[in-house]
Amino acid sequence: MKPFALHTPQSIEQAIQYLQDDNSLVKPMSGGTALMLMMKSGVYEPEALVSLSKVQTLQGIAIDTNGDLQIQAMTTLSEIEHSPIVKQYFSVISQTMKKLANVRVRNVACLGGALAHGDPHMDMPPLMTVLGATLKINSASGTKNIPIENFYLGYYTTLLSSGEIIQSITVPALTNRYCLYLKCTTRSADDWPTLGVAINLGLKGKLLDSPKVVLSAVVETPTRLSEVEEFLTGKTPSETLFIEAGEIAASHIEPEDDARGSASYKKQLIKVYIRRAIQNSLQGKVQS
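None of the values given here were measured: they were computed from a predicted structure. (Residues numbered from 1 in each chain as written. Predicted model: local features only at pLDDT ≥ 70, side-chain atom pairs only at ≥ 80, totals over all residues. Heavy atoms only, no water.)

Q: Could you give an account of unusual backbone geometry, with specific residues and numbers?
A: Of note, the phi angle at A101 is positive, near 50°, even though the residue is not glycine. Tracing the chain through its elements places A101 in the loop between α5 (91–97) and α6 (103–108). Given the relative accessible area of 23%, A101 is considered partly exposed. Positioned with a positive phi, A217 is a non-glycine residue whose angle comes to about 75°. Note on placement: A217 falls in the loop between β13 (207–216) and β14 (223–224). (Helix = DSSP H or I, 4+ residues; strand = E, 2+ residues; numbered from the N terminus. Buried < 20%, exposed > 50% of the residue type's maximum accessible area, 1.4 Å probe, protein only.)

Below, the structure written as structure tokens:
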């Protein structure tokens, strides 16, 4: 790695001061697990990093008066995984964490960095998208809120500018919703997924109510499958319905060949995992 400066501000305001020049070679750093890999491989060579590890206000988990989950950006994935609040009210997040990378990574990686990195193979972006989460972004010009669904633009590309940092993540309260994140890894269990599917749906009587389905890894950004959602809405759950949903999903996605599989193989994965994710979510394997 090339030499670089390391700044360790004590507050958000100090951190923003280091980032005000709009220099793409000066980046904020949270856990640094993915960033360091990019630097070691020479993909990214920063002039300076602004470590957020000393900013105490960027750490913590709480439920607000509306029942929404508030997670500060520098909260580690392990802290989220083991949080009693998350386990009780947002169990789908706790369950997802157990199979995210490995314990060593989760002990260091932070939620803000996992979302800001923009890698479509990560697990948190599709899950937070399907849960309807919102990012609070801080900069010299003030704060703003961005729905995660609108945050990703492409591979490693987000709406976050070089002078901004993620301050916190808000996840809306879940009431009588069935939520699940399911992924397929074609190598080791803690490898990047070849495909990820996130589900968030309800039941109105015996009919599916306002389902949300998000696909990741086989696409450049976490992608809402609106055709599948429309197809499922108001219908009675059945094996045939889930199979058709998988077929619809596969017909609207054009994956590419890569080291994790051919395009045709990924098409089959989409069919299987869409069906499986919807079915498993309704079986109550993860209910929030």
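Q: I'd like a rundown of the nonpolar core, residues and numbers included.
A: Formed by 34 residues in total, the largest nonpolar core has its most connected members in I93, L111, L115, M128, L131 and I169. It is helix α8 (residues 124–130) that provides the largest number of residues to this core, a total of four residues. Ignoring anything within four residues of it in the chain, the contact list for L111 reads I71, A73, T75, L77, I80, M124, M128 and I169. (Core = buried A, V, L, I, M, F, W, Y, C linked by side-chain atoms within 4.5 Å. Contact = heavy atoms within 4.5 Å.)

Q: Can you tell me about the pairing of strand β3 (residues 48–51), naming the residues and giving the values?
A: Both faces of β3 are covered, namely the face carrying A48 and V50 and the face carrying L49 and S51. Note that strand β1 (residues 5–7) and β3 share three bridges and pair parallel. Within the sheet, the bridge partner assigned to H7 lies in β3 and is V50. By the bridge criterion, four bridges tie strand β2 (residues 26–29) to β3 in an arrangement that is parallel. Paired with M29 across the bridge in β3 is S51. Handedness of the crossover joining β2 and β3 through helix α2 (residues 33–40): right-handed. (Pairing = 2+ DSSP bridges. Right-handed = clockwise from strand over helix to strand, strands pointing away.)

Q: Just give me the short version of the environment of R104, but keep the residues and values in it.
A: On the secondary structure map, R104 appears in helix α6. Considered as a pair, R104 and S78 are 26 residues apart in the sequence and their alpha carbons are 9.2 Å apart.

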